[in-house]
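For reference, the chains in residue letters:
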Amino acid sequence: MDDLLTQELKIIQSSEVFSFSLDAVLLARFAGVPPRGRVLDLCTGNGVVPLLLSTRTGARIEGIEIQPRLADMARRSVACNGLEDRIYIIEGNLKELPALHGSDAYDAITVNPPYKPVGTGEHKGNLHQAMARHELGCTLEEVTAACARLVKPGGRVSMVHRPSRLAEILGAMSRYRLEPKRIRFVHSRVNAEANMVLIEASLGGKPEVRLLPPLIVYEGEDRQYTQELLDIFYGRKAELGDEGQREEGGE
């Protein structure tokens, strides 16, 4: 049981199975979510993104996870925080979700998908960690297609991924009418290449994208977290530096 450092939230996790990383925290603070309605987190893992989103919205939040052990961890974390009436964890395959729940079901979707295509890097050994890192259960194309079918017209889809695959991400979004609206690159240090990218898109939106200022994780010779990161970690900021200027709907 670990402390999420915000609003006394706790989470069950294990380094042998799955532990959330900075990318999940940033996604939960970057994503555009409605005050009410219905929100879905794909590839939810141990449920960290739904837990953090619960501090920002009163919407019904659902998370889907293909691995039974991780889905069970997520459900137990939800129960430990007394959020069973707001967060619902589904054990299943995101590729089957549109057929079960119908199209246009969600106001907003978040996703922290596996970053590496099958055939790149080593993924033998721990299956839980391999599925979290490699596209063994779903590909980028399948994730994007599911998002486009499940989100309402004008609804938001937010994703965190690796900058090296940005061209693929934008190409897939274009094929499924997901128009990028906000992009923010994450750098470990001010003079380092970006190692993460946060993207928010709108289904059927007009073609206009905002490139937000880069997010720097560490500063100084001793690699201390920047003030923006500390504010996010400790719940002093509910959202990740967007100055409240998101466009509504598909405009």
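Keep in mind that this is a model prediction, so the values were computed, not measured.

Is there a simple way to think about the pairing of strand β9 (residues 194–203) in this case?
Successive residues of a regular strand alternate their side chains across the two faces of the sheet. Most of β9 sits out of view: eight of its 10 residues are buried. In this structure, strand β7 (residues 151–161) lies alongside β9, joined through six bridges in antiparallel fashion. Across the sheet, the residue bridging to Ser158 is Glu200, located in β9. As defined by bridge partners, strand β8 (residues 178–187) adjoins β9 across nine bridges and the pair is classed as antiparallel. Across the sheet, Arg182 pairs through a bridge with Glu200, a residue of β9. Connecting β8 to the next strand, β9, in antiparallel fashion are six residues.

Looking at this structure, how should I read helix α6 (residues 140–150)?
In an α-helix, one full turn covers 3.6 residues, which means residues spaced three or four apart are oriented alike. With eight of 11 residues buried, α6 lies mostly within the body of the structure. Those residues of α6 not exposed but buried are Leu140, Val143, Thr144, Ala145, Ala146, Cys147, Ala148 and Leu150.

Help me understand unusual backbone geometry in this model?
Where the residue is not glycine, phi is negative for most of them; where a peptide bond is considered, it is trans in most cases. Of note, the phi angle at Cys43 is positive, near 55 degrees, even though the residue is not glycine. One can find Cys43 in the loop between β3 (38–42) and α2 (48–53). Judged by relative accessible area, Cys43 falls into the partly exposed class, the value being 21%. Phi at Arg177 is positive, roughly 60 degrees, even though this residue is not glycine.

Explain the pattern of salt bridges here, please?
In total, this model carries 13 salt bridges according to the counting rule given. Of the charged contacts, one joins Lys95 and Glu142 as a salt bridge, the two residues approaching to 3.7 Å between their closest N and O atoms. You can see Lys95 sitting in the loop between β5 (87–91) and α4 (97–101) and its partner Glu142 sitting in helix α6, a full 47 residues away along the chain. Take Lys95: its relative accessible area is 41%, and that puts it in the partly exposed class.

Any chance you could explain the environment of Arg189 here in plain terms?
Inspection of the secondary structure assignment puts Arg189 in the loop between β8 and β9. Residues Arg189 and Arg223, 34 residues apart in the sequence, show an inter-C-alpha distance of 8.4 Å. In this view, Arg189 contacts Ile216, Tyr218, Gly220, Glu221 and Arg223; residues no more than four positions away in its chain are not counted.

Rules and cut-offs
- Residues numbered from 1 in each chain as written.
- Predicted model: local features only at pLDDT ≥ 70, side-chain atom pairs only at ≥ 80, totals over all residues.
- Heavy atoms only, no water.
- Buried < 20%, exposed > 50% of the residue type's maximum accessible area, 1.4 Å probe, protein only.
- Helix = DSSP H or I, 4+ residues; strand = E, 2+ residues; numbered from the N terminus.
- Pairing = 2+ DSSP bridges.
- Salt bridge = Lys/Arg side-chain N within 4 Å of Asp/Glu carboxyl O.
- Contact = heavy atoms within 4.5 Å.

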